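Residues per chain are reported as follows:
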Protein chains: 2
Amino acid sequence: MINEHLFATILAGGSGQRFWPLSRELSPKQLLSMFGTESLIAQAIHRIAPLVVHPSSIAITTNERLFDELRNHLIAQPDEGLHHVRYIIEPVPRNTAPAIALAAATFVAEDEDAIMVVLPSDHLLENGELWVDCITAAAAAAADDYLVTIGIRPTRPETGYGYIHAADPLPDYAVGDARPHVVGEFVEKPDRERAEQFVSGGEHLWNAGIFVMKASRVLQELESAGGEISRIGEVVRWIASLPADERSSERVRDEFASLPSVSIDTAVMERSRRVAVIPASLRWSDVGSLMALESVAEQDAAGNVRCGRGVDVDSTGTIVYSTDRLVATLGVQDLIVVDTADATLVLPKERAQDVRAVVEALKAAGAREVVEPKVSLRPWGSWTSLLKSDGYQIKLLEVKPRARLSLQLHEHRSEHWVVVAGTALVTRGEECVSVGVNESTYIPVGTVHRLENSGTEPLRVIEVQVGDYVGEDDIVRMEDDWERGER
Amino acid sequence: MINEHLFATILAGGSGQRFWPLSRELSPKQLLSMFGTESLIAQAIHRIAPLVVHPSSIAITTNERLFDELRNHLIAQPDEGLHHVRYIIEPVPRNTAPAIALAAATFVAEDEDAIMVVLPSDHLLENGELWVDCITAAAAAAADDYLVTIGIRPTRPETGYGYIHAADPLPDYAVGDARPHVVGEFVEKPDRERAEQFVSGGEHLWNAGIFVMKASRVLQELESAGGEISRIGEVVRWIASLPADERSSERVRDEFASLPSVSIDTAVMERSRRVAVIPASLRWSDVGSLMALESVAEQDAAGNVRCGRGVDVDSTGTIVYSTDRLVATLGVQDLIVVDTADATLVLPKERAQDVRAVVEALKAAGAREVVEPKVSLRPWGSWTSLLKSDGYQIKLLEVKPRARLSLQLHEHRSEHWVVVAGTALVTRGEECVSVGVNESTYIPVGTVHRLENSGTEPLRVIEVQVGDYVGEDDIVRMEDDWERGER
C-alpha cells in the first residue's frame, strides 16, 4: 500500500569488518550476495520499494569512500528500480544520529509531512504481509508524532543485542497483526539471565535498527535536546538548504565533523517521550558475524557446511566458504575457514565475534587486503586483478553484452588489451576498431579510449597496464553511460 | 675422500602425497626448498658428490613423468655440478628393488667393481665428518661383499619407522666413529613398548633407506633369490645392455612391468646373509609429514610457527605456512594451515600423517590441484599461471639475465607477449626483434619463436595464450640450451 509521504533511508556507511575477508573496506558487507539471490543492500531496497511512490524516495546514506562502489553495484543489477534510488553522502562519518538527521532534513525540504523509514543495509529480514502491515501501522503512528521502531520477537537469549520493552498497547494504530505499543525502556546488551527472562516474558523485543518517524519530528527532537545534540538539527537543515554542488564543500565537511558522534538511539529514541514499538515475529538476522555463513548451504551428516571447491575428510561442525580456490580440510572441529582470491581466515566458531581484532592487526601491518577486493563489480561487468606489482597490473575485464566502459583516459598508464572471448569495439583516439578473439590493441598513455562489447556474448579481455602508477583513481572520464564522475 | 669405484643412485620417483598442497604430482617433495638453502634433492646430490669422481657417477632414478621436472629444476640451479648428474628412468614404477637393480646393472656395465650408494632424494641429513666416515667405512665393507646400511641412532620411540638391530661388530672396516656391525634383524614398525626398548637399549637403529653395496652383489643376491625376484636381475641386466635409444621401447616397458613390485629391503636386505649396519648419530629427518614445517621458522612465545604474509590473534601451537597469499588465524590451537597459490589445507597437527587421504579424495574429485603446481621452475627462470580457462591461459614468465627459452613452436595456440620489466630479444619466424617495457609482440600458431633476456636485469613478460588447447605439452622444440626433448 503506497504512502505518498513515505520516504526511506538505508544506512550503508559501514564496512562490515566482522565479515573480513569476504567484506573489505571498499567492498562492504551490504554488497555480499551469498544470502539469497541478491545482495543485502538490494534486498533492503526491495523491502521498502513497494511502499513508496518512486525509487527516488529511497536514499542510500553512505560516505564518499563507498559511494562509487555502492552505486556501481546497484546500477549493475538488472532491476532498473535499483538504478533510481538517490544517495545522501555523509560529509564525514559521525554515527547514526547525524546521518539519519541529514536524511530527515533532506526529506523535510521536499515534503514537510515526510515520514521516513530507517533501514540497515546489511541485514536479512522476512518481508511478507506482516512486514507491510508493520510499516503501514508504524507510518500511521509516526503521522501522530510517534517515533516508531519495529521490534523483532527474540528467538534466543542473545546477549549481544539491544532490547526494547513493549508496554501499553496503542490499539488505534494496529494494522492486522502489527500492533504498536508504547516503549517502556531500551535495554542495551543484557546479561544472560536477563536475556532469558526477556525471551520467556514475551514483552521484550530485539532492536533491529528499523525506525519509522516523521522527518520533521526527528529534527525537532534533536533541536530540543539541548547541548551538542541540538546542533545536529541545525547543521543538517543548513546543509539540506544548500544547492547540491555546495554540499561537498570544505565548510560543510567542517561543520558536520564538529557534530557529536552519537547513535540515533542515544540522541533521540531513548530521550523522547513519544516512542512506540511494533512487536513482530519476523525472521531477522543482523548477519553480524561469519557464523551467518552457516545458512548458505545444507549441513552434511557431520554438521559441516561447505561452499566452494574442495574436499573434507573427517571434520565435524565446520564451515568452509571459498570463493574461487580449492580448500581441503582434514579432521577439524567447529572451525570456520573463509578463503578468498587473495586472503584466507581460519578461526573457531566461538571466536566469530572477534574478527575485528584480526582486521585491526592487518591494518596495523599495512595489509592492502583489508581495503581492496580482488574482484570489483562495475555497471558494465567486472574486473579481476590477476597480478599487481610495481609498474604493472594484469586484469581480466568481463564486459556484459551491449555494455561499454566510460570514454576515458589515463594519465599514468598505457594499456594492452588481448581479447580472449567475444568481440570488442574499441575507441582509440579518433579511430574505432573491432577486436576479435586472439587479437590485441594498445592504448598509449593519455589516449582517449573506450571498450565496448558489441556482441551478444560476454566479452573477456586481458588488460596489461604498464606505467609509473597503476592505481584505480588514475581515470579521467569524458562520457559515461552511468554518469559516473570525472574521476 | 674420493673413491674411484663409488657411484650413487638417488631415488626420486616419489610424488610426496603427504606434503600436499606444497608438493604436487608434477612438483614432488624432493623439489621443496624451504628446508635449508637448497631443495631436498640438491641437498641429496651435494651429500654424495664430494665422494665420487665426477657428478656423472651420480644417477637420479626417477620415472618418465617426473624426469623433465627434476632435470629442469637441477639445471636451473647455479651449481654446475647439479647439471651433470645422470638420469635413470624406471620404465614403469615397480618399487625400490627393480629401480635400484636397474641402477646397479647400469653401473656394473661401466665398472665391474662399482660400489653404489643408495640415497633417498627427499630426506634431511647432516653431512659432516661422521657422514663421510660412514660412507668410507661402508664402501670398505661393501668391497668385501657386505650389503651395508647406514642406521640412524633413534632419538625418540617412533613407531612409524623400520629398525635395524646392530649385532656383532666388524672392526676391520671401522673409520673414525663409523663402526660397522653385522645386522641381527630388521624390525618393521614396532609397537610403542618395543620402540621404547629399542631407544633405551641402544642396539637398534632407524632404517633411513641409505645403502652402500657392490652393484654386482645386488644383482647376484636378486638372481640367487629364486622365483619372481630372480627375474629382476636378469631383466635389468638386459635393459642395461641395450643402446640408450632402445631403453624406452615398448618391450622394455612390458618386461619391467612384469617384474614384482617389491622393496629392496624385502628382496635383498632381509634375505641376505651378509648384511652390515653402521650406527650413526646423524641428525636425520624423512620430512615425512607437514609437521616438518615446524622447523622452518622460529616459534613465537605461544608456540606458533609462521611463514608468509599474515597475522595471528590468540592462537597457540599452530603452524601457518603460506607461499604467497595472506593468511590470518584467530584463536586456533595446534592446527596446521598450508596455503599455496591455488589451494589451502587445514588440519590438526595430530592428523599430519593422514594427508594422503585428502589427496585421494581430491583425485577422486578430479581436482587438477593434486597434479599441477601453479608456479613451475624452468632452467631459464620460471612461469606462473595467473589464469587458465577454456581457450586461453595467462602466464607471467620470468627469464633470468642472459637466459633464453628453447626455439619452439606450438601447434594449437598463439601467444601475445607484453614486456613489463627488462628487455626481450624475440625470434619470430625469420625476424629477430627487441621488445622493451610496455611493448608487445604476437606469435601466431605454428610460428617458430624464441624468447631471450638480452639484458642484465630479470625479464618479465605477460603471456596471453589463446587456442583450442593450452596444455604444457603443446611444444615442439627445435633447439634448446638444455637439450630438452622435442616435446
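Residues numbered from 1 in each chain as written. Chains lettered and ligands numbered in written order. Predicted model: local features only at pLDDT ≥ 70, side-chain atom pairs only at ≥ 80, totals over all residues. Heavy atoms only, no water.

### Here's the deal with the overall build of chain A
In step 1: The helix and strand inventory of chain A stands at ten helices and 28 strands.
In step 2: Against the 2.2 N^0.38 benchmark of 23 Å for 487 residues, chain A shows a C-alpha radius of gyration of 24 Å, consistent with a compact globule.
In step 3: Here the C-alpha coordinates of chain A stretch approximately 75 × 60 × 40 Å along the principal axes.
In step 4: Burial status across chain A gives 57% buried among its 487 residues. (Helix = DSSP H or I, 4+ residues; strand = E, 2+ residues; numbered from the N terminus. Rg over C-alpha atoms; globule rule 2.2 N^0.38 Å. Buried < 20%, exposed > 50% of the residue type's maximum accessible area, 1.4 Å probe, protein only.)

### Side note on the packing of helix 3 (residues 96-110) of chain A against helix 7 (residues 227-241) of chain A
Residue and element names in this part refer to chain A.
In step 1: Contact geometry of helix 3 with helix 7 gives a least axis separation of 8 Å together with a crossing angle of 45°. Accordingly, the angle class assigned to the pair helix 3 and helix 7 is oblique. For the crossing formed where helix 3 meets helix 7, the hand is right-handed. Only I232, V236, R237, I239 and A240 of helix 7 make contact with helix 3, whose side of the interface consists of A97, P98, A101, L102, A105, T106 and V108.
In step 2: Split by residue class, the contact of helix 3 with helix 7 holds ten nonpolar, one polar and one charged. (Axes fitted to C-alpha atoms, helices over the stretch in contact; angles between N-to-C directions. Parallel < 35°, antiparallel > 145°, perpendicular 65-115°, else oblique. Left-handed = near helix turned anticlockwise from the far one by under 90°. Contact = heavy atoms within 4.5 Å. Nonpolar A, V, L, I, M, F, W, Y, C, P; charged D, E, K, R; others polar.)

### A short note on the relation of the copies chain A and chain B
In step 1: If you rotate chain A by 180° and push it 0.0 Å along the axis, it lands on chain B with an RMSD of 0.1 Å. Both copies of the chain, as the preceding transformation shows, are related through a two-fold rotation axis. Closest approach to the rotation axis among the C-alpha atoms of chain A is made by L386 of chain A, whose C-alpha sits 3.1 Å away.
In step 2: Residue by residue, 100% of the interface of chain A is reproduced at the interface of chain B, so both copies engage with the same surface. (Least-squares fit on C-alpha atoms with pLDDT ≥ 70 in both.)

### Some remarks on the interface of chain A and chain B
In step 1: Taken together, the contacts link 54 residues of chain A with 54 residues of chain B.
In step 2: Roughly 4,200 Å² of surface becomes buried between chain A and chain B when both sides are summed, with 67% attributable to carbon and sulfur atoms.
In step 3: At the surface where chain A touches chain B, the tally comes to six salt bridges.
In step 4: Measuring nitrogen to oxygen at the nearest pair gives 2.6 Å for the salt bridge that ties R309 of chain B to E369 of chain A.
In step 5: At the boundary of chain A with chain B, the tally comes to 27 residue pairs in polar contact (both at pLDDT 80 or more).
In step 6: The dominant element in the side of chain A that touches chain B, judged by the number of residues it contributes, is strand 17 (residues 343-348) of chain A, at six residues.
In step 7: Looking at the side of chain A that touches chain B residue by residue, the classes come out as 35 nonpolar, eight polar and eleven charged.
In step 8: Sheet analysis places strand 15 (residues 326-330) of chain A next to strand 17 (residues 343-348) of chain B, joined by four bridges and oriented parallel. Residue pairing across strands places A328 of chain A opposite L345 of chain B, the latter belonging to strand 17 of chain B. (Buried area = accessible area lost by both parts, 1.4 Å probe. Salt bridge = Lys/Arg side-chain N within 4 Å of Asp/Glu carboxyl O. Polar contact = N/O pair within 3.5 Å; in protein donor to acceptor, adjacent residues only side chain to side chain. Pairing = 2+ DSSP bridges.)

### Some details on the domain arrangement of chain A
All names here are of chain A.
In step 1: The domain boundaries assigned to chain A delineate domain 1 (6-285), domain 2 (290-364) and domain 3 (379-479).
In step 2: For domain 1 versus domain 2, the distance between C-alpha centres works out to 31 Å.
In step 3: In terms of surface lost to domain 2, no three residues of domain 1 exceed Q17, R18 and W20, which account for 47% of the buried area on that side.
In step 4: The interface formed by domain 1 and domain 2 contains two salt bridges. (Domains from an automatic or database assignment.)

### Observations concerning the environment of A105 of chain A
In step 1: The topology assignment puts A105 of chain A in helix 3.
In step 2: With near-sequence residues (within four places) excluded, A105 of chain A lies in contact with L219, V236, R237 and A240 of chain A.

### Details of the confidence of the model for chain A
In step 1: Of the residues in chain A, 99% reach a pLDDT of 70 or more, and the chain-wide mean stands at 94.
In step 2: Predicted complex, confidence summary: ipTM 0.88, pTM 0.89. (pLDDT = per-residue confidence, 0-100.)

### Brief notes about unusual backbone geometry
All names here are of chain A.
In step 1: Of the consecutive residues W20 and P21, the connecting peptide bond is found in the cis state with omega at 5°.
In step 2: Turning to its location among the elements, P21 is positioned in the loop between strand 1 (6-11) and helix 1 (40-48).
In step 3: Positive phi values are uncommon outside glycine, yet D145 reaches one of about 75°.
In step 4: In this structure D145 comes out as partly exposed when scored by relative accessible area, which is 24%.
In step 5: Within the chain, D314 stands out as a residue other than glycine whose phi angle is a positive 70°.
In step 6: Tracing the backbone through its elements, the reader meets D314 in the loop between strand 13 (310-313) and strand 14 (319-322).
In step 7: For D314, a relative accessible area of 47% translates into the label partly exposed.

### Some words on the pattern of salt bridges
In step 1: Throughout the structure, instances matching the rule amount to 63 salt bridges over all chains.
In step 2: Between R231 of chain A and E255 of chain A there is a salt bridge whose closest N-O contact spans 3.1 Å. Of the two residues, R231 of chain A is situated in helix 7 and E255 of chain A in helix 8 (residues 250-257); the sequence distance between them amounts to 24 residues.
In step 3: Residue class for R231 of chain A comes out partly exposed when judged on its relative accessible area of 28%.
In step 4: On the basis of relative accessibility, which here comes to 27%, the residue E255 of chain A falls in the partly exposed class.
In step 5: In this structure, R325 of chain A and D339 of chain B form a salt bridge, with 3.8 Å as the shortest nitrogen-oxygen distance. Taken as a pair, R325 of chain A in the loop between strand 14 and strand 15 and D339 of chain B in strand 16 (residues 335-339) lie in two separate chains rather than in one. There is no split in this pair, since R325 of chain A and D339 of chain B are both buried.
In step 6: One connected set of salt bridges, linked through shared partners, spans R325 and D339 of chain A together with R325 and D339 of chain B.

### Here's the deal with the pairing of strand 8 (residues 181-187) of chain A
Residue and element names in this part refer to chain A.
In step 1: In terms of strand pairing, strand 7 (residues 163-169) meets strand 8 through four bridges, oriented antiparallel. Counterpart to P169 in the pairing with strand 8 is H181.
In step 2: Here two bridges tie strand 8 to strand 10 (residues 275-280), and the two strands are oriented antiparallel to one another. Pairing of V182 across the sheet is with A276, part of strand 10.

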